[in-house]
Amino acid sequence: MSGTYENKRVVFAVIEKKYKDYVALYRMVNNGSVAGLTTFDEFYWHYTYYAKYANGRTSDTRGY
């Protein structure tokens, strides 16, 4: 069972790194401001669930 946990932890670490990169880019583009920044839980949900299971016909207006 520990192999499954470690695999999930690696995936989580990758997503965490992508979020940190997103925050850095967001701050750079918005003159250091974090107003309107997507929260980690929303980013994680979108990255793991929404992008994987949503059909292409969804009219989602979120910009990430």
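Higher on the page you've got the structure.
Engineer: Describe in detail the nonpolar core, supporting the description with residues and values.
Structural biologist: Core analysis: the largest hydrophobic core is formed by six residues, namely Ile15, Tyr19, Tyr22, Val23, Tyr26 and Phe43. When residues in this core are grouped by element, the largest group, five residues, is from helix H1 (residues 2-29). Discounting chain neighbours no more than four positions away, the residues touching Tyr26 are Ser33, Val34, Ala35, Gly36 and Leu37.

Engineer: Outline unusual backbone geometry, listing residues and values.
Structural biologist: At Asn31, a residue that is not glycine, the phi angle is positive and equals roughly 55°. Among the secondary structure elements, Asn31 is positioned in the loop between H1 and helix H2 (40-53). You can call Asn31 exposed: its relative accessible area is 77%.

Parameters at a glance
Residues numbered from 1 in each chain as written. Predicted model: local features only at pLDDT ≥ 70, side-chain atom pairs only at ≥ 80, totals over all residues. Heavy atoms only, no water. Core = buried A, V, L, I, M, F, W, Y, C linked by side-chain atoms within 4.5 Å. Buried < 20%, exposed > 50% of the residue type's maximum accessible area, 1.4 Å probe, protein only. Helix = DSSP H or I, 4+ residues; strand = E, 2+ residues; numbered from the N terminus. Contact = heavy atoms within 4.5 Å.

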